[in-house]
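# Analysis of the macromolecular model
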Amino acid sequence: MKDKVLAFLKEQKDYISGEAISSRLGVTRAGIWKHIKKLKSEGYYIESSTKKGYRLMDTPDVITETEVASILNTDFLGRHIYYAEEIDSTNEKAKMLARNGAEEGTVVIADKQTMGKGRLGKYWDSPKGTGIWMSVILRPSIVPGEASQLTLLAGLNMCEAIQRVTGLESKIKWPNDIVIAGKKVCGILTEMSAEMDQVNSIVLGIGVNVNTKSFPKDLTHATSLSLEGGRVYTRRYLIKEFLQLFEADYIRYKQEKSSSTFLERYKKNCVTLGQDIKIITTEAEHTAYAMDIAPDGSLVIKDDKGECKNIFSGEVSVRGVYDYI
Ligand code: BT5
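Here is a short report on the structure shown in this document. (Residues numbered from 1 in each chain as written. Predicted model: local features only at pLDDT ≥ 70, side-chain atom pairs only at ≥ 80, totals over all residues. Heavy atoms only, no water.)

## Describing the sheet that holds strand S12 (residues 299-303)
As summarised here, the arrangement of the 5 strands in space is S13-S12-S11-S10-S14, forming an open sheet in which the pairing is antiparallel. Looking at which strands have only one partner, the edges of the open sheet turn out to be strand S13 (308-311) and strand S14 (317-320). Sheet twist, expressed as the mean angle between neighbouring strand axes with direction ignored, is 45 degrees. Summarising the sheet, strand S11 (residues 285-293) and S12 pair through 5 bridges and their orientation is antiparallel. Each bridged residue has a counterpart across the sheet, and for Ala290 the counterpart in S12 is Ile301. (Pairing = 2+ DSSP bridges. Helix = DSSP H or I, 4+ residues; strand = E, 2+ residues; numbered from the N terminus. Axes fitted to C-alpha atoms, helices over the stretch in contact; angles between N-to-C directions.)

## Looking at the side chain of Glu241
In this fold, Glu241 is placed in helix H8 (residues 235-256). Apart from the residues within four sequence positions on either side, Glu241 is in contact with Ala161, Arg164 and Val165. (Contact = heavy atoms within 4.5 Å.)

## Describing the site of the ligand
Every one of the 25 residues lining the ligand counts as a neighbour, but Ser89, Lys117, Arg119, Lys184 and Asn209 are closest to it. For the ligand, an oxygen atom lies 3.3 Å from a polar atom in the side chain of Lys122. In the environment of the ligand, a nitrogen atom lies 2.9 Å from a nitrogen or oxygen atom belonging to the backbone of Asp125. Contact with the protein chains hides 91% of the accessible area of the ligand, taken as 790 Å² for the molecule alone. Mapped by element, the contributors of at least two residues to the shell around the ligand are helix H5 (90-99), strand S5 (131-138), strand S8 (183-194) and strand S9 (199-209). The class makeup of the residues in the shell around the ligand is 8 nonpolar, 11 polar and 6 charged. (Near = heavy atom within 4 Å. Polar contact = N/O pair within 3.5 Å; in protein donor to acceptor, adjacent residues only side chain to side chain. Areas by Shrake-Rupley, 256 points an atom, 1.4 Å probe, with all protein chains shown as cover. Nonpolar A, V, L, I, M, F, W, Y, C, P; charged D, E, K, R; others polar.)

## Concerning helix H2 (residues 18-25)
Along H2, the positions that sit buried rather than exposed are Gly18, Ile21 and Ser22. For H2, the angular spread of buried residues about the axis comes to 95 degrees, placing them on one side. Structural note: H2 exposes Glu19, Ser23 and Arg24 on the side pointing more than 90 degrees away from its buried face. Residues of H2 that are buried sit in contact with helix H1 (2-11), helix H3 (29-42) and strand S2 (53-58). Positioned one or two residues after H2, Gly26 has a phi angle of 70 degrees, which is positive. (Buried < 20%, exposed > 50% of the residue type's maximum accessible area, 1.4 Å probe, protein only. Arc of directions from axis to C-beta.)

## Considering unusual backbone geometry
Omega for the peptide link from Trp174 to Pro175 comes to 0 degrees, which places this bond in the cis form. Relative to the helices and strands, Pro175 resides in the loop between strand S6 (171-173) and strand S7 (177-180). Even without a glycine there, the phi angle at Leu120 is positive, about 50 degrees. Along the chain, the position of Leu120 falls in the loop between strand S4 (107-110) and S5. On the basis of relative accessibility, which here comes to 57%, the residue Leu120 falls in the exposed class. At Ala181, a residue that is not glycine, the phi angle is positive and equals roughly 50 degrees. Tracing the chain through its elements places Ala181 in the loop between S7 and S8. For Ala181, a relative accessible area of 67% corresponds to the exposed category.

So this is what it looks like as structure tokens:
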């Protein structure tokens with residue numbers, strides 16, 4: 001019913017009385033008021049006047065299923081959207097939905113996360129209304145070792161989506177941080193449910209700081225699109241761009257079963273390559289030179305003894321020797 005009220009308000013050019021809405025939609029005026037209140041809390045700017053009634057003034061930056069679905073041009077990605085104003089973690093919700101049989105392409109979006117997660121138990125700052133906190137459920141027939149290729153692809157597509165929507169020079173810090181001017185604007189957390197030789201489901205969790213104005217003190221390397229671009233961006237256009245780019249590449253990846261479809265594009269956007277880096281594990285820190293990305297998604301490095309090795313995401317963090325990237 002909330003969606004019907006919204007659709008009705010969108011059709012009107014002027015104020016419409018509560019009475020007119022209620023008789024047209026067959027709901028009590030108290031019911032209409034409840035839905036209007038909910039729409040306002042989702043971010044719609046609805047003016048209410050005791051004399052004239054209601055008028056939808058603006059749909060500024062709403063990322064509900066209705067608004068996202070209405071602009072999405074995909075076949076299966078985001079055809080089912082679960083939206084929450086507040087949630088613990090979209091990845092937790094998506095994992096639960098996946099366990100209960102949610103279809104491939106189901107997307108979970110929240111306006112705020114109270115327990116947003118990074119990798120290895122780290123936290124992800126996800127304040128209300130400023131970012132994209134989103135998880136995508138995938139069910140590819142691949143072996144668990146291949147899943148990291150999909151997280152690279154998601155990172156690449158979000159990097160490209162940011163470039164298209166904002167014109168900013170976003171880059172990828174291997175494996176999955178997206179950075180602008182040396183600071184982190186997006187992080188990706190992939191979680192998977194799998195047997196030894198088959199993936200059941202993959203949850204790609206993506207966090208983008210879009211209109212964040214300031215960060216907690218400990219996040220000295222964080223930035224937002226708005227801070228870098230000097231303007232406010234509409235989150236749903238970035239969601240749309242990402243889902244469309246990712247769907248096209250994901251379909252090709254599944255057909256060809258190879259990262260070669262996107263590896264060159266990934267390398268072109270990757271700031272880690274050709275740099276001296278620090279490789280940080282829970283036990284130690286080593287310096288190395290980042291040479292290449294292998295087809296399996298691992299980073300090919302030359303260590304300080306001159307030996308070449310492949311390192312895999314998951315267990316390590318990579319930093320520039322002098323700075324964050
Ligand atoms: C990540 O981990 O970068 C993965 C972040 C994934 C977040 C999404 S949001 C939707 C979905 N649901 C979830 O619960 N999570 C996913 P990692 O590379 O481990 O980086 C974590 C580190 O980034 C933290 O230890 C902080 O130092 C820093 N950090 C935390 N919040 C940040 C933010 N909003 N922007 C930039 N850096 C942040």
